[in-house]
Amino acid sequence: VRYLAVSKRGDHWYSTKDTAAALMALTAFMSKFEDSEPDYTFTVTLNGKEIASRKVGLSDLAGQGFRIETTEGLNPGRNNIVITKQGGGNLYYFASLSYFESSSNLKKRDNGISVERIFTWDEAGKNLVRPRAKLRSGDRIWARITVRPKSAYEYVMIENYLPSGFEVDRDAISENRRWPGYWVNWEIRDEKVVFFNSHIGGGDYLITVPIKAETPGEVAAMPCVATLMYFPEINGRSKEDRFTIVP
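Report on the accompanying structure. (Residues numbered from 1 in each chain as written. Predicted model: local features only at pLDDT ≥ 70, side-chain atom pairs only at ≥ 80, totals over all residues. Heavy atoms only, no water.)

**With respect to the packing of aromatic side chains**
Link 1 in the chain: Counting across every chain of the model gives 3 aromatic pairs.
Link 2 in the chain: Seen in terms of ring centroids, Phe-119 and Phe-243 are 5.0 Å apart; in terms of plane orientation they differ by 90°. Their pairing is edge-to-face. Here the residue Phe-119 occupies a position in strand β5 (residues 113–120), and Phe-243 occupies one in strand β16 (residues 241–246), the gap between them amounting to 124 residues. Here the two residues Phe-119 and Phe-243 agree in accessibility, since each one is buried.
Link 3 in the chain: On the basis of an interplanar angle of 55° and a centroid distance of 6.0 Å, the ring pair of Phe-166 and Phe-243 is categorised as tilted. Of this pair, Phe-166 sits in strand β9 (residues 166–168) while Phe-243 is found in strand β16, placing the two residues 77 residues apart along the sequence. When sorted by exposure, Phe-166 lands in the same class as Phe-243, which is buried. (Phe/Tyr/Trp six-rings, centres within 6.5 Å; stacked < 30°, edge-to-face > 60°. Helix = DSSP H or I, 4+ residues; strand = E, 2+ residues; numbered from the N terminus. Buried < 20%, exposed > 50% of the residue type's maximum accessible area, 1.4 Å probe, protein only.)

If you want it as structure tokens, here you go:
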């Protein structure tokens, strides 16, 4: 049980098959070794302040557990979480931290995968769109993305976020060749285009996405993000870009 808890990646294990096997193993363990009638109270403190206290009984075994989320009481740097239990029965817990970066101009970041994105007036990438350039509604430009992994990885997801005020130019996709075959699947969504690959090795992986300016205004293009689906701590992103769309 301790090994499975340590091996867990957020709310899952390495793959969907591993997650299913782990859940079956934990179910078998609990049905054989778990106390039939737990009766205890647990308390959680964050930096010395109580943030949760619950009583657990037999009826809770068939439930979904307890989810405790908080943003209050966190300190910059080190934080202490203490869990105490009084009564009979086993208490199982898992802790994770999620955070968001606050910035008006996000920079490039490389945590195992390098992501470069430029915007050009042509698919070949010869005519660059200047930073903070002014575009007219209806203009077509290309997001040209280069993904460069530091090692061989499995189950990679690339999320190219569209600049606000832009849409994917589906006509240009039909006029030109589809994306390279090393992307096993791709999806066009409202706010981004997502690419998937079960395995990438060394070298560069290129993506070009045609987009069309639509809504006038000052717009931001959030970074293109590359992530390992089962090891999200290995990731990378491009820098943020900005444009102005005029009527």
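**With respect to the sheet that holds strand β12 (residues 205–213)**
Link 1 in the chain: Spatial strand order, β5-β7-β12-β9: 4 strands in an open sheet with antiparallel pairing. Every interior strand has two partners, whereas the edge strands, β5 and β9, have only one. Going from strand to strand, the sheet's axes swing by 30° on average, the running direction of each strand aside. (Pairing = 2+ DSSP bridges. Axes fitted to C-alpha atoms, helices over the stretch in contact; angles between N-to-C directions.)

**Re the environment of Ala-22**
Link 1 in the chain: Tracing the sequence through the fold places Ala-22 in helix α2 (residues 16–33).
Link 2 in the chain: For the pair Ala-22 and Leu-206, spaced 184 residues apart in the sequence, the C-alpha separation amounts to 36 Å.
Link 3 in the chain: Every residue in contact with Ala-22, bar those within four places of it in the chain, is listed here: Leu-4 and Trp-13. (Contact = heavy atoms within 4.5 Å.)

**Remarks on the side chain of Thr-19**
Link 1 in the chain: Within the secondary structure layout, Thr-19 lies in helix α2.
Link 2 in the chain: A relative accessible area of 16% places Thr-19 in the buried class.
Link 3 in the chain: Filtering out sequence-adjacent residues up to four positions away, Thr-19 remains in contact with His-12 and Trp-13.

**A closer look at the nonpolar core**
Burial of nonpolar side chains together is a common tendency in soluble globular proteins.
Link 1 in the chain: Core analysis: the largest hydrophobic core is formed by 33 residues, its most contacted members being Phe-119, Ile-141, Ile-158, Phe-166, Val-209 and Phe-243.
Link 2 in the chain: Residues Tyr-40, Phe-42, Val-44 and Ala-52 belong to the second largest nonpolar core, which totals 5 residues. (Core = buried A, V, L, I, M, F, W, Y, C linked by side-chain atoms within 4.5 Å.)

**Quick word on a nonpolar patch on the surface**
Link 1 in the chain: A cluster of nonpolar side chains, contributed by Val-1, Phe-29, Met-30, Phe-33 and Tyr-92, occupies part of the molecular surface with about 450 Å² of accessible area.
Link 2 in the chain: With respect to the secondary-structure elements, Phe-33 resides in helix α2. (Patch = residues over 30% accessible without salt bridge, like charges linked within 9 Å, V, L, I, M, F, W, Y side chains within 5 Å. Areas by Shrake-Rupley, 256 points an atom, 1.4 Å probe, with all protein chains shown as cover. Salt bridge = Lys/Arg side-chain N within 4 Å of Asp/Glu carboxyl O.)

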